[in-house]
Amino acid sequence: MTTTAPRADGRVVALAHHAARARLESVLTRHGITFHQSVTLRAVVAAGGSAGRDELVDDVVGSLKTEASVVAGVIGELTSAKLLEADPADPKRVRLTDSGRELYEATSAESAEVTARLYAGLTDEELEVTGRVLTLITERANAELAADA
């Protein structure tokens, strides 16, 4: 008996996203942070460990498709938890604290292990095709969101 794989559509993509995100959130919960906090820490790391507050808000808003006030609140939470701090050289910037970097590294390592298991057995070709398709869908959705704004 041959089983036919479902055709990719919004539901299939959403189911994969939500299943993987739920698994990731179980890692983050063990470390006492939320998905939004993790994305925000990752953005600061990607910016070299320090980022302008406005640029950070814009980056995370773009990633999570949420309101700027929500991201500003997340930055406040991370600052209160001493995972981020105001940059003494420029108060308009925030930077990772040692605790923030350690937490990011720990959650990233655990997340990488989960990802390796979830993606195990997929060929490079399958991952490349999936990456191209999802990138195109993301670009189109972002263009429509921008047109609506």
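We now turn to the structure provided with this report. Not measured: the values here are computed from a predicted model.

Let's talk about unusual backbone geometry
Thought 1: The backbone of Lys-65 shows a phi angle near 55°, a positive value even though the residue is not glycine.
Thought 2: Assignment of secondary structure puts Lys-65 in the loop between helix H3 (53–64) and helix H4 (68–80).
Thought 3: According to the relative accessible area criterion, Lys-65 is partly exposed, its value standing at 46%.
Thought 4: A positive phi angle is found at Lys-82, which is not glycine, with a value near 60°.
Thought 5: Residue placement: Lys-82 occurs in the loop between H4 and strand S2 (84–87).
Thought 6: Residue Lys-82 is classed as exposed on the basis of its relative accessible area of 60%.

Thoughts on the sheet that holds strand S1 (residues 50–52)
Thought 1: Taken in spatial order, the three strands make up an open sheet running S1-S3-S2, and their pairing is antiparallel. With partners counted over all chains shown, the strands left at the sheet margins are S1 and S2, one partner each. Sheet twist, expressed as the average angle between the axes of neighbouring strands with direction ignored, equals 35°.
Thought 2: Looking at chain direction, S1 and strand S3 (residues 90–96) are connected through three bridges and run antiparallel. Pairing of Ser-50 across the sheet is with Arg-95, part of S3.
Thought 3: Its contacts with the sheet put H3 on S1, S2 and S3, and the angle it makes with S1 is roughly 90°.

Details of the pattern of salt bridges
Thought 1: Considering all chains together, one arrives at three salt bridges under this definition.
Thought 2: Put simply, Glu-25 and Arg-21 hold a salt bridge, and the shortest N to O gap is 2.5 Å. Of this pair, Glu-25 and Arg-21 both sit in helix H1 (residues 10–30), four residues apart, roughly one helical turn.
Thought 3: Residue classification places Arg-21 among the partly exposed residues on the basis of a relative accessible area of 25%.
Thought 4: Ionic pairing is found between Glu-110 and Arg-30, a salt bridge with its closest N-O pair at 2.6 Å. Note that Glu-110 is positioned in helix H5 (residues 98–119) and Arg-30 in helix H1, a separation of 80 residues in sequence.

Details of the packing of helix H2 (residues 35–46) against H4
Thought 1: Packing of H2 against H4 leaves a shortest axis separation of 10 Å and a crossing angle of 80°. As far as their axial angle goes, H4 and H2 are roughly perpendicular. Between H2 and H4, the contacting residues are His-36, Gln-37, Thr-40 and Leu-41 on the first element and Val-70, Val-74, Ile-75, Glu-77 and Leu-78 on the second.
Thought 2: In terms of residue class, the contact of H2 with H4 is built from five nonpolar, three polar and one charged.

Topic: the nonpolar core
Thought 1: Counting 23 residues, the largest nonpolar core has Leu-41, Leu-56, Val-60, Ile-75 and Leu-84 as its most contacted members.
Thought 2: Sorting the residues of this core by element identifies H1, H2, H3, H4, S3 and H5 as the ones contributing at least two each.
Thought 3: If you tally residues by element for this core, the top one is H2, at five residues.
Thought 4: With residues up to four places along the chain from it excluded, the contact list for Leu-56 reads Thr-40, Ala-43, Val-44, Ala-51, Val-71, Ile-75 and Val-94.

A few points about the side chain of Thr-40
Thought 1: Here Thr-40 shows up in helix H2.
Thought 2: In this structure the side chain of Thr-40 is engaged in a polar contact, spanning 2.8 Å, whose partner is the backbone oxygen of His-36.
Thought 3: The residues touching Thr-40, leaving out its near neighbours within four places in the chain, are Leu-56, Val-60, Val-74, Ile-75 and Leu-78.

Rules and cut-offs
- Residues numbered from 1 in each chain as written.
- Predicted model: local features only at pLDDT ≥ 70, side-chain atom pairs only at ≥ 80, totals over all residues.
- Heavy atoms only, no water.
- Helix = DSSP H or I, 4+ residues; strand = E, 2+ residues; numbered from the N terminus.
- Buried < 20%, exposed > 50% of the residue type's maximum accessible area, 1.4 Å probe, protein only.
- Pairing = 2+ DSSP bridges.
- Axes fitted to C-alpha atoms, helices over the stretch in contact; angles between N-to-C directions.
- Contact = heavy atoms within 4.5 Å.
- Salt bridge = Lys/Arg side-chain N within 4 Å of Asp/Glu carboxyl O.
- Parallel < 35°, antiparallel > 145°, perpendicular 65-115°, else oblique.
- Nonpolar A, V, L, I, M, F, W, Y, C, P; charged D, E, K, R; others polar.
- Core = buried A, V, L, I, M, F, W, Y, C linked by side-chain atoms within 4.5 Å.
- Polar contact = N/O pair within 3.5 Å; in protein donor to acceptor, adjacent residues only side chain to side chain.

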